[in-house]
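# Working through the structure, step by step
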Amino acid sequence: MKDELEKVRSAALEKIVRSPDISQLTQVQVEYLGRKGAVTRLLRQMGSLPAEERPVFGKLANELKDEIQKEIDSRRAELEKDEIAQRLTAESVDVTLPGIRPDIGHLHPITLVFEEIRRIFEGLGFQVATGPEVETEYHNFEALNMPRDHPARDMQDTFYINDEVLLRTHTSPVQIRVMLSQRPPVRVIAPGKVFRRDDDVTHSPMFHQVEGLAVDENITLGDLKGVLEAFVHRLYGPQTALRFRPSFFPFTEPSAEVDIRCVICGGGGCRTCSNSGWLEILGSGMVHPKVFEAVGYDPERYTGFAFGVGVDRLAMLKYGIEDIRMLYENDIRFLSQF
Ligand code: PHE
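Because the structure is predicted, anything quoted here is derived from the model rather than measured.

The rules behind the values
Residues numbered from 1 in each chain as written. Predicted model: local features only at pLDDT ≥ 70, side-chain atom pairs only at ≥ 80, totals over all residues. Heavy atoms only, no water. Helix = DSSP H or I, 4+ residues; strand = E, 2+ residues; numbered from the N terminus. Buried < 20%, exposed > 50% of the residue type's maximum accessible area, 1.4 Å probe, protein only. Lys, Arg positive; Asp, Glu negative; His and termini not counted. Charge placed at Lys NZ, Arg CZ, Asp CG, Glu CD. Axes fitted to C-alpha atoms, helices over the stretch in contact; angles between N-to-C directions. Parallel < 35°, antiparallel > 145°, perpendicular 65-115°, else oblique. Left-handed = near helix turned anticlockwise from the far one by under 90°. Contact = heavy atoms within 4.5 Å. Nonpolar A, V, L, I, M, F, W, Y, C, P; charged D, E, K, R; others polar. UniProt positions renumbered as here; feature names shortened; annotations may be inferred. Near = heavy atom within 4 Å. Polar contact = N/O pair within 3.5 Å; in protein donor to acceptor, adjacent residues only side chain to side chain. Domains from an automatic or database assignment. Pairing = 2+ DSSP bridges. Phe/Tyr/Trp six-rings, centres within 6.5 Å; stacked < 30°, edge-to-face > 60°. Core = buried A, V, L, I, M, F, W, Y, C linked by side-chain atoms within 4.5 Å. Expected span 1.5 Å × (residues − 1). Salt bridge = Lys/Arg side-chain N within 4 Å of Asp/Glu carboxyl O.

Assigned secondary structure in the chain consists of eleven helices and nine strands. Overall, the C-alpha framework of the chain stretches about 130 × 45 × 40 Å when taken along its three principal axes. Taken across its 338 residues, the chain has 40% of its residues classed as buried. If you average the places of the 41 positive and of the 52 negative side-chain charges in the chain, the two averages end up 7 Å apart.

Structure (structure tokens):
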């Protein structure tokens, strides 16, 4: 019997040392210490021994059981350590490798120019107002002194939804909405999309304007000139010359279109300014008394100026974009340059 114990012992210890991983080690454990394991079987056979040998054998067998268990535990600890070490090398990350830069979005050039214009006019005490892109013909035309037979209302130029509803052709209807909702003094700008039936290299059926409106007692043409000059000088630099050209709009009197010295050629003449040396950037004028009447302002007491700037043009000049359609194609290669 003692030989038997010794044989089991050396075989078990051998298998334990040779177990290459935890699952095999567990099998060894079952094989020797499990309910049907070799050591367990020996302990059961004890009953067939003479009574005086039983205590001695029992002691030896139990010692063997403890020894095997201890060996298994220490082998398991060893294997676990190996496994962790292996995983650490396999999964290790070289933190000195260069990372992959995540793509981040860019603001659209139109948005950038809108933001710049907003900052400039906020600095001059103006607030931002908005109005709907789908407008009534009353706000877009009638209240702006463009009665039913006015040529600017032509189907050729305007997207009508029905007789009374249309896509606004300019941001000027926001003037009407602002004045209908508040009393003077008024100082607002209104940025937004406008729509006209036009489509070529320099015209898009949807484009952008910023409207400006100031109404108070004693507002003069001098105020208009001063504000627009400050605006242009902040946007394109203090050396940029302005030119006020007499013009006509039904909702302002007098009216002027404003040109700036060509920012591409400096006035010498180029393709962008059609060799004139000047670029038209906005329409403006003193608010027409008829407009004040339409919104219930007293034209004897109040005067005001208004202007409408073409933002797409400004963005094209600022960033040297030659085809207006590039602004709307949403080509990532184009947009990511800003
Ligand atoms: N609404 C005019 C346009 O779109 C511009 C303008 C605005 C002119 C305000 C005068 C005053 O052409």
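Packing of helix α5 (residues 109-123) against helix α8 (residues 221-236) leaves a shortest axis separation of 10 Å and a crossing angle of 135°. In terms of orientation, α5 lies oblique with respect to α8. Considering the relative orientation of α5 and α8, their crossing is right-handed. In this structure, α5 contributes E116, I117, I120 and F121 to the contact, and α8 contributes V227, F231, R234 and L235. Counted by class, the contact of α5 with α8 contains six nonpolar, no polar and two charged residues.

On to the UniProt feature "binding site: Mg(2+)" (unreviewed entry) in the chain. Look at the UniProt record and you will see "binding site: Mg(2+)" (unreviewed entry) annotated at E253. Within the secondary structure, E253 is located in strand β7 (residues 252-261). Excluding residues that lie within four positions of it along the chain, E253 makes contacts with M286 and H288.

Next up on the list: the site of the ligand. Around the ligand, a shell composed of 14 residues is seen, among which H170, S172, R196, Q209 and G308 lie nearest. Within the contact set of the ligand, a nitrogen atom lies 2.9 Å away from a side-chain nitrogen or oxygen of S172. Q209 is positioned with one of its side-chain polar atoms (N or O) 3.0 Å from an oxygen atom of the ligand. Among the elements that line the shell around the ligand, the one with the most residues is strand β9 (residues 303-310), at three residues.

This paragraph deals with the domain arrangement of the chain. Here the domain parsing of the chain yields domain 1 (2-90) and domain 2 (109-335). For domain 1 versus domain 2, the separation of C-alpha centres amounts to 92 Å.

On the basis of which strands lie adjacent, the open sheet formed by seven strands has the order β1-β4-β5-β9-β8-β7-β6 and mixed pairing. Lying at the two open borders of the sheet, with one neighbouring strand each, are β1 (127-128) and β6 (242-249). Both β1 and strand β4 (residues 186-195) contribute to a ladder of two bridges, which runs parallel. Residue pairing for β4: Q127 is matched across the bridge by V188. Across the sheet, α8 is in contact with β6, β7, β8 (278-287) and β9; its angle to β9 comes to roughly 30°.

Counted by the stated rule, this structure contains nine aromatic pairs. Between the aromatic rings of F334 and F338, the centroid separation amounts to 5.2 Å while the plane-to-plane angle is 70°, which identifies the pairing as edge-to-face. You can call F338 partly exposed: its relative accessible area is 22%. Following the ring pairs from residue to residue traces out a cluster consisting of F121, F126, F231, F305 and F307.

Turning next to the nonpolar core. Among the nonpolar cores identified, the biggest contains 41 residues, and I117, F121, F231, F305, F307 and L314 are the most heavily contacted of them. Contributing elements (two or more residues each) for this core: α5, β5 (206-216), α8, β7, β8, β9, α10 (311-319) and α11 (332-335). In terms of residue count, α8 provides more of this core than any other element does, seven residues in total. Each residue touching F305, except ones within four places of it in the same chain, is listed here: F126, G212, L213, A214, I219, T220, D223, L224, V227, G285, M286 and V287.

A few words on the packing of α8 against α10. As a packed pair, α8 and α10 sit with axes 12 Å apart at the nearest point and diverge in direction by 35°. Together, F231, L235 and Y236 of α8 and L314, L317 and K318 of α10 make up the contact between the two elements. Among the residues making up the contact of α8 with α10, the classes are represented as five nonpolar, no polar and one charged.

For helix α4 (residues 54-90), spanning 37 residues, the distance from its first C-alpha to its last is 53 Å, which sits close to the expected 54 Å at 1.5 Å a residue. Within the span of α4, buried status applies to F57, G58, A61, L64, I68, I72, R75 and L79. Where α4 is buried, its residues meet α1 (2-18), α2 (22-33) and α3 (38-45).

Here L224 shows up in helix α8. Put simply, L224 and M286 are 62 residues apart on the chain and 8.0 Å apart in space, counted from C-alpha to C-alpha. Apart from the residues lying within four places of it in its own chain, the contact partners of L224 are S284, G285, F305, A306 and F307.

A few words on the pattern of salt bridges. Oppositely charged side chains are able to pair whenever their charged atoms sit close together. For the structure on display, the rule yields 22 salt bridges. Of the charged contacts, one joins E91 and R87 as a salt bridge, the two residues approaching to 3.7 Å between their closest N and O atoms. R87 matches E91 in its accessibility class, with the two residues each being exposed. Across the pair R301 and E217 runs a salt bridge, and its minimum N-O distance is 2.5 Å. With R301 in the loop between α9 (289-295) and β9 and E217 in the loop between β5 and α8, this pair connects stretches of sequence that are 84 residues apart. The network of salt bridges with common partners includes R243, R245, E257, D259 and E280.

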